[in-house]
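Descriptive analysis of the structure
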Amino acid sequence: MKMIKAIMEKMYRLIGKNRYLNKLKPVLNAADEALFGTDKVNASPHIADYLDVKRFMFMVVAALIPAVIAAVYFWGLRVLAVIAVSYIFGGLVEVCFAIVRKKEIHEGFLVTGIIFPLILPPGVPLWMVAVGVVFGVLFGKEVFGGTGKNIFNPAIVGRIFLSIAFPKIMAVNWQAPFSGGWGGLAHYQNTIDAVVSATPLALFKNQGIVTPWLNMLFGANAGCIGETFRIGLIAGGLFLILIRIVDWRIPLAYLITAPLFAFIANSFFHTHLASPSLQLLSGGLLLGAFFMATDPVTSPFTKPGKWVAGVLLGSLTALIRGFSGYVEGVMFSILIINVFTPLIDSVVLKLRYKTK
Amino acid sequence: MLKKIRTFKGGFKFQNYPGQAKPLFVLAGIPLRVVIPLNRCSDVDVKPLVKKGDTVFAGQIIGRDDANILSPAHSSVNGIVEDIQRVNYFNCDTAMVAIRATDSSPEIKPLAGYAGDWQKLNNEKIEELIFLSGAASLRAVSPEKVMHVIIQETGAEAYNSSLDLILEGKNLLNFIEGAKILKKIMPQARVHLAVNRQHKKIISQIVNLTAQMDWFEVCAFKPKYPQGALAVLLPAILNQKIPYDSCAANLGVSLLQAQEVLAVYAAVTRGEPFVEKIVALCGPGFKENLHLKARIGTPLNEIIKDRLKSTDSVRLILNSLLSGPALEDLSFPLDKRFSQIIAIDDHRQREFLAFARPGLRRDSYSGAFGAHWLPGIKKSVDTNQHGQERPCISCGFCADVCPVRIIPHLLTRYVRREIINEILLSYEIFNCVECGLCSFVCPSKIPLLKQIKSGQEKLIAEGFCAKK
């Protein structure tokens, strides 16, 4: 530890001498703070909760670890390269903006950097990961003023940009997962020949095949990198709810409404929506409901607003999945509800404080 | 009569803080010099009745003003008035009477007219005794109009003085006699004892002893902070909605502490003026955590300095970790308002990789640290901020813990952007009870309470007054 402290001090001195290098100070400050914490003390109230934003974001990342390990197992060690690229380029954008703004580096990209690769198809080229994350962080967050001021979830902005800009690669490039033995832990990537698979939702929509639910729960089917190991996502989500990092209202409302909507539509309108259990366990619904729709910055902060957002998200997802040209609807519905978040909040506040 | 009461929404339970004061007390002895403030935390002083060089005796009234509601100030030792000067005392300009003690006899001259059998006294005499003893300030409302007497012993702070000690032995009976005395001069009043429900023994004793008294009610509360705040306590006890800006006096409510009820009893039956107070010395900064019975006016230097582990890098806090002021000047005297003095580490040390540690002793509103799931482990407590200030991420913790259901992060957003108008009023900024929980739980370390207060000040400065 002393060694690290000595190195940090040397770096500070080095940076202090040079006018241009001095601009890199936020980077050093961030490293210093992350390593050693703060020496500031409270005024009044005299004590402060031990939870800080670093811990807050760190817990979200920790909750995603089972999904990441499973992803490596299913898709090979290349997943780690994808995550590394996402962190490096996302972090670079964050650092650039911190330097230009002369502000501290904020911890928000810790979560964006891990969620973004998890919602990409396993075969995505690395350069595309970089392009996507740069676009997402830049136009999803930094242009609005950084963490806390963004309207959209940066990971989803990046992902939707990629699916619109490169539809072929993003929609067709599904690999079959490894299974048995060491799986992907011993391979870099599945061979290109194995790229003949469709996601459960696509199978249902195009051919009417229903994937067994146990299969989907444990993730041995095609899908985005982090969305298939659903039992791990559920565990991670419940963990976050338990430690209050995530509010339970949005996931609950979301996960009830989507199957319910499908059920009602199927029983009354003779449509061809996927069955409730397929709705619940397919695509990115669980990842979206637990980790993306609940992003505190871009979801409503009022409690009734959270219920409203959850219900709207569920119905929209089932609607897009069932009736639109797209197979998957989670990302679009979260993006759309992000737009409505300020409206939902202000309506709730108006109603709540109207009478007084 | 025991009344079960539903708790309020929000709030936070401070559990297992290290260094709770043990239920025993030591006598501090007669100090060589005392300083008596002539102000009880309001804008006006009582008028001094003595001047420099006068000889005074313990229990003598040295400041009194019959025109306002303040109770008189007493000398707490036999001695000579050294000086009367004005100082800044907790942000009030206050006259302080310094008295040099001439002898160390513990005797206190009783007030005239007391009677061991207080039933014989008439109401006027009892009222006069209570007023002259300074036991309790009952003048805010005329006693006939008081509808509710609330004895506030909710014990919901992180550190509390021990009710077991205050009501130990004979004091429990005296306490109930004190309540009877109050009932006699306030014939319309109901007496409510708001008490931490973990004091099972005391509660059952009091319930048994007061079985015949249908006007006496024991309200057992969860010790959830800030249960003691008036705006939270009143609606729970009276079971009705109370406008937040109404003061207790207008509602016909008189608020007391158990020690004051005991002082009422002592004043009426033994003629004792209120010149001694029990304070709890809490927190890991003290060598020994116990209670101290000391004369009011004793400078803190004398009673506290030797009991601290070290005098540097320690912060002394009065009464409450969250809403109490810091005691920066140890030449200040012990005052009637003091019930706990808390000493915690003024922690400026940095900690390696603090955010990634399991945190078995770290108290947090969220469950993100091990301490949340391991009951019974002593928490660590210090003044460190535990993180850097960051922009608000609307996590909603502050709104969740707020005992009066306002949304601190929303108000802060408005105040920071200098949007000072009716919107702030309509978001009920003046309901804030200044409990400080929002600032405590904020993971972004935003001083929410400070912003809310400054918003209130700006609103008042711009001519928007609190909504009626």
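In this numbering scheme, every chain counts its residues from 1 along its sequence in written order. Numbering of ligands from 1 and lettering of chains from A proceed in the order in which they are written. Local features are withheld for residues below a pLDDT of 70 in this predicted model, meaning they are given only at 70 or higher, and side-chain atom pairs are given and counted only at 80 or more; totals for whole chains, interfaces and linings count all residues.

1. Re the overall build of chain A
Put simply, DSSP H or I for four residues or longer makes a helix, DSSP E for two residues or longer makes a strand, and each gets a number counted from the N terminus. Of the regular secondary structure elements, chain A holds 16 helices and 0 strands. We compute the radius of gyration over the C-alpha atoms and compare it with the globule rule, which gives 2.2 Å times the number of residues raised to the power 0.38. Over its C-alpha trace chain A gives a radius of gyration of 22 Å, about what one expects of a compact globule, namely 21 Å for 356 residues. Referenced to the eigenvectors of the C-alpha coordinate spread, the extents of chain A come out at roughly 70 × 65 × 35 Å. Taking all 356 residues of chain A together, 49% fall into the buried category. Each residue is classed by its C-beta neighbour count within 10 Å, where at least 20 other C-beta atoms makes it buried, 12 or fewer makes it exposed, and intermediate counts make it partly exposed; the C-beta atoms are placed from backbone geometry.

2. Describing unusual backbone geometry
Residues and elements named next belong to chain B. The omega angle of the peptide bond from Tyr225 to Pro226 is -5°, so this bond is cis rather than trans. Examined against the element boundaries, Pro226 turns out to sit in the loop between β12 (216–221) and α5 (230–238). One non-glycine residue, Glu418, lies in positive phi territory at about 60°. Inspection of the secondary structure puts Glu418 in the loop between α9 (408–416) and α10 (422–426).

3. Some thoughts on the domain arrangement of chain B
Residue and element names in this part refer to chain B. By convention here, the domain bounds are inherited from an automatic or database domain assignment. Once the domains are mapped, chain B shows domain 1 (2–13 + 111–270), domain 2 (32–101) and domain 3 (385–468). Measuring from the centre of the C-alpha atoms in domain 1 to the corresponding centre in domain 3 gives 32 Å. Our contact criterion uses C-beta atoms placed from the backbone: two residues qualify when those atoms are within 7 Å. Between domain 1 and domain 3, the residue contacts involve 12 residues of the former and 12 residues of the latter. Residue classes follow a fixed rule: Ala, Val, Leu, Ile, Met, Phe, Trp, Tyr, Cys and Pro count as nonpolar, while Asp, Glu, Lys and Arg count as charged, and any other residue, Gly among them, counts as polar. Looking at side-chain class alone, the side of domain 1 that touches domain 3 contains 8 nonpolar, 2 polar and 2 charged residues.

4. Some thoughts on the pairing of strand β10 (residues 148–153) of chain B
Most of β10 of chain B sits out of view: 6 of its 6 residues are buried. Of the two faces of β10 of chain B, both are covered, the one formed by His148, Ile150 and Gln152 of chain B as well as the one formed by Val149, Ile151 and Glu153 of chain B.

5. Here's the deal with the sheet that holds strand β13 (residues 253–256) of chain B
All names here are of chain B. A sheet is described by the order of its strands in space; here 5 strands give the open sequence β1-β12-β11-β10-β13, paired in parallel fashion. Two strands bound the open sheet, and with one partner strand each, they are β1 (2–4) and β13. Averaged over all pairs of adjacent strands, the angle between strand axes in this sheet comes to 25°, irrespective of strand direction. Two strands are said to pair when DSSP picks up at least two bridges between them. One ladder, built from 6 bridges, connects strand β11 (residues 190–196) with β12; its direction is parallel. Bridging from a neighbouring strand, Ala194 pairs with Cys219 of β12. For helices, the axis comes from a line fit to the C-alpha atoms of the stretch in contact; other axes are also lines fit to C-alpha atoms, and the angle between any two N-to-C directions lies between 0 and 180 degrees. Running over the sheet, helix α4 (residues 200–209) touches β1, β11 and β12 and is turned about 160° from β12.

6. Some words on the nonpolar core
We call a set of buried Ala, Val, Leu, Ile, Met, Phe, Trp, Tyr and Cys residues a nonpolar core when their C-beta atoms link them within 7 Å. Ala71 and Leu118 of chain A together with Val264, Val268 and Leu437 of chain B are the most contacted members of the largest nonpolar core, which has 222 residues in total. Considering each element in turn, this core owes the most residues, 14 residues, to helix α3 (residues 53–75) of chain A. If sequence neighbours within four positions are ignored, Leu118 of chain A has contacts with Leu64, Ala67, Ala71, Cys224, Ile225, Gly226, Glu227 and Leu287 of chain A.

7. Quick notes on the environment of Gly181 of chain A
All names here are of chain A. Here Gly181 lies in the loop between α8 (167–172) and α9 (200–207). Of the residues examined, Gly181 has 7 C-beta atoms within 10 Å and is grouped as exposed. Remark: the alpha-carbon pair of Gly181 and Glu33, spanning 148 residues in sequence, is separated by 42 Å.

8. Some words on α9 of chain A
All names here are of chain A. Buried within α9 we find Pro200, Leu201, Phe204 and Lys205. Buried residues in α9, looked at end-on, bunch into an arc of 125°, giving them a common side. Counted as exposed and oriented over 90 degrees from the buried face of α9: Asn206 and Gln207. Buried-residue contacts for α9 involve α10 (213–218), α13 (276–281) and α15 (303–323). Here the arc refers to the set of directions running from the helix axis out to each C-beta atom.

9. Topic: the packing of α3 of chain A against helix α5 (residues 108–118) of chain A
Residue and element names in this part refer to chain A. Direction vectors running N to C along α3 and α5 enclose 20°, while the axes themselves pass 10 Å from each other. Classified by the interaxial angle, the pair formed by α3 and α5 is roughly parallel. In the packing of α3 onto α5, the handedness of the crossing is left-handed. Counting all contacts with α3, which are made through Met57, Val60, Val61, Leu64, Ala67 and Ala71, the residues of α5 involved are Gly108, Leu110, Val111, Ile114 and Leu118. When its residues are assigned to classes, the contact of α3 with α5 shows 10 nonpolar, 1 polar and no charged. Geometric relationships in this document are graded by angle, where less than 35 degrees denotes roughly parallel, more than 145 denotes roughly antiparallel, 65 to 115 denotes roughly perpendicular, and other angles denote oblique. Handedness of a helix crossing follows the sense of rotation of the near helix relative to the far helix, less than a right angle counterclockwise being left-handed and clockwise being right-handed.

10. Considering the interface of chain A and chain B
Facing 41 residues of chain A, the contacting portion of chain B comprises 50 residues. For the side of chain A that touches chain B, the elements supplying multiple residues, two or more each, are α2 (25–36) and α3 of chain A. Of the residues forming the side of chain A that touches chain B, the biggest block, 6 residues, is contributed by α3 of chain A. Considering only residue class, the side of chain A that touches chain B consists of 20 nonpolar, 9 polar and 12 charged.

11. Overview of the confidence of the model for chain B
pLDDT measures how confident the predictor is about each residue, on a scale from 0 to 100. Across chain B, pLDDT averages 85, with 95% of residues at or above 70. On the interface metric, ipTM, the complex scores 0.88, and its pTM is 0.89.

12. With respect to the domain arrangement of chain A
Residues and elements named next belong to chain A. Taken domain by domain, chain A holds domain 1 (2–35) and domain 2 (53–352). Distance between the C-alpha centres of domain 1 and domain 2: 36 Å. Contacts between the two partners involve 7 residues from domain 1 and, on the opposite side, 7 residues from domain 2.

13. With respect to the packing of α3 of chain A against helix α4 (residues 78–101) of chain A
Packed helices, taken two at a time, are described by their axes: the angle between them and the distance between them. Residue and element names in this part refer to chain A. Closest axis-to-axis distance for the α3/α4 pair is 8 Å, and the angle between their directions is 130°. Regarding the angle of α3 to α4, the classification is oblique. Within the contact between the two elements, α3 uses Ala71, Val72 and Trp75 and α4 uses Arg78, Val79 and Leu80. Residues belonging to the contact of α3 with α4 are distributed by class as follows: 5 nonpolar, no polar and 1 charged.

14. Some remarks on the sheet that holds strand β9 (residues 92–101) of chain B
Residue and element names in this part refer to chain B. One open sheet accounts for 4 strands, arranged β3-β9-β8-β5; its pairing is antiparallel. Two strands bound the open sheet, and with one partner strand each, they are β3 (33–37) and β5 (55–56). Here strand β8 (residues 79–89) runs beside β9; their pairing, made up of 10 bridges, is antiparallel. Along β9, the bridge assignment pairs Ile80 with Arg100.

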